[in-house]
Amino acid sequence: MKRSEAREHIFKMVFGLEFNGAGELPQQLELYFEQLGEADEKDRTYIEDKARAVAEHREEIDALIDAHTTGWKTTRMAKVDLTILRLAVYEMKWDEDVPVSVAINEAVELAKRFGGDESPSFVNGVLARIAD
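Anyway, here's the lowdown on the structure attached to this text.

Definitions and limits used
Residues numbered from 1 in each chain as written. Predicted model: local features only at pLDDT ≥ 70, side-chain atom pairs only at ≥ 80, totals over all residues. Heavy atoms only, no water. Helix = DSSP H or I, 4+ residues; strand = E, 2+ residues; numbered from the N terminus. Rg over C-alpha atoms; globule rule 2.2 N^0.38 Å. Buried < 20%, exposed > 50% of the residue type's maximum accessible area, 1.4 Å probe, protein only. Contact = heavy atoms within 4.5 Å. Areas by Shrake-Rupley, 256 points an atom, 1.4 Å probe, with all protein chains shown as cover. Lys, Arg positive; Asp, Glu negative; His and termini not counted. Charge placed at Lys NZ, Arg CZ, Asp CG, Glu CD. Axes fitted to C-alpha atoms, helices over the stretch in contact; angles between N-to-C directions. Parallel < 35°, antiparallel > 145°, perpendicular 65-115°, else oblique. Left-handed = near helix turned anticlockwise from the far one by under 90°. Nonpolar A, V, L, I, M, F, W, Y, C, P; charged D, E, K, R; others polar. Salt bridge = Lys/Arg side-chain N within 4 Å of Asp/Glu carboxyl O. Core = buried A, V, L, I, M, F, W, Y, C linked by side-chain atoms within 4.5 Å. Expected span 1.5 Å × (residues − 1). Phe/Tyr/Trp six-rings, centres within 6.5 Å; stacked < 30°, edge-to-face > 60°.

1. Concerning the overall build of the protein
Then comes step 1: Helix and strand counts for the protein stand at seven helices and zero strands.
Then comes step 2: Taken from the N to the C terminus, the helices and strands of the protein come in the order α-α-α-α-α-α-α.
Then comes step 3: Computed over C-alpha atoms, the radius of gyration of the protein comes to 14 Å, within 12% of the 14 Å expected from 2.2 N^0.38 for 132 residues, which places it in the range of a compact globule.
Then comes step 4: Once the C-alpha set of the protein is aligned to its principal axes, its extents read approximately 40 × 30 × 30 Å.
Then comes step 5: The proportion of buried residues among the 132 residues of the protein is 45%.
Then comes step 6: Nonlocal contacts in the protein, meaning residues at least 24 apart in sequence, comprise 68% of its contacts between residues at least 6 apart.
Then comes step 7: Carbon and sulfur atoms make up 47% of the accessible area of the protein, which amounts to about 7,200 Å² in all.
Then comes step 8: Looking at the protein, you have 17 positive and 27 negative side-chain charges, and the mean spots of the two groups are 4 Å apart.

Put into structure tokens, the structure is as follows:
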């Protein structure tokens, strides 16, 4: 599985945390992978580990996002945009395997696919401020 495809699955798992508590993550992961079916053990481990890591760093990530936005605190953001930002910020700050430019580019691509019309430019702008 390509990294961009795995990232999409991570996005979906992290998005689910908005509606299910972090304590439900193991159960949600199992249900998700049962439905997915195509992931091998390596891909599954990668997706699971990164989804857990984003969830564990959520408070720090949200604080970074809040510090770099004006008039758009995490509590007011669209859940899709917020989830994309959380994943990208995690990759930018804590995942040494993902270059910052790749994290931003992949986030913008997710925003184009799953967000609203303004999502790609919003996500790009927030991440550019955090990257500086």
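We are not done yet, so read on.
2. What to know about the packing of helix α2 (residues 25–36) against helix α3 (residues 41–56)
Then comes step 1: In contact at an axis separation of 11 Å, α2 and α3 are set at 150 degrees when each is read in the N-to-C sense. The angle between α2 and α3 places the two elements in the roughly antiparallel class. Note on packing geometry: the crossing formed by α2 with α3 is right-handed. On α3, the residues that touch Leu-25, Pro-26, Leu-29, Glu-30 and Phe-33 of α2 are Arg-44, Ile-47, Glu-48, Ala-51, Arg-52 and Ala-55.
Then comes step 2: Class assignment for the residues of the contact of α2 with α3 results in seven nonpolar, no polar and four charged.

3. Observations concerning the side chain of Glu-106
Then comes step 1: In this fold, Glu-106 is placed in helix α6 (residues 100–114).
Then comes step 2: Among the residues examined, Glu-106 registers a relative accessible area of 18% and is labelled buried.
Then comes step 3: Setting aside chain neighbours within four positions, we find Glu-106 in contact with Ser-4 and Arg-7.

4. Things to note about the pattern of salt bridges
Then comes step 1: By the definition in use, this model includes ten salt bridges.
Then comes step 2: The closest approach of N and O atoms between Lys-12 and Glu-8, which form a salt bridge, is 3.3 Å. Taken together, the residues span about one helical turn, with Lys-12 and Glu-8 both in helix α1 (residues 3–16) at a distance of four residues.
Then comes step 3: Judged by relative accessible area, which is 13%, Glu-8 ranks as buried.
Then comes step 4: In this structure, Lys-50 and Glu-91 form a salt bridge, with 2.8 Å as the shortest nitrogen-oxygen distance.

5. Quick look at the nonpolar core
Then comes step 1: Within the largest apolar cluster, 39 residues are counted, with the highest numbers of intra-cluster contacts made by Met-13, Ile-65, Ile-84, Leu-85, Val-123 and Leu-127.
Then comes step 2: Secondary structure elements with two or more residues in this core: α1, α2, α3, α4 (58–67), α5 (79–94), α6 and α7 (119–131).

6. Digging into α5
Then comes step 1: Between its first and last C-alpha atoms α5 spans 22 Å; for 16 residues at 1.5 Å apiece the expected length is 22 Å, and the two agree.
Then comes step 2: A large share of α5 lies buried, amounting to 13 of its 16 residues.

7. Concerning the packing of aromatic side chains
Then comes step 1: Applying the stated criterion across every chain, the model contains three aromatic pairs.
Then comes step 2: Between the aromatic rings of Tyr-90 and Trp-94, the centroid separation amounts to 6.1 Å while the plane-to-plane angle is 15 degrees, which identifies the pairing as stacked. Residue Tyr-90 and its partner Trp-94 are both found in helix α5; the two are separated by four residues, about one turn of the helix.
Then comes step 3: An aromatic cluster is defined as three or more aromatic residues linked by ring pairs; in this entry it consists of Phe-11, Phe-15 and Phe-114.

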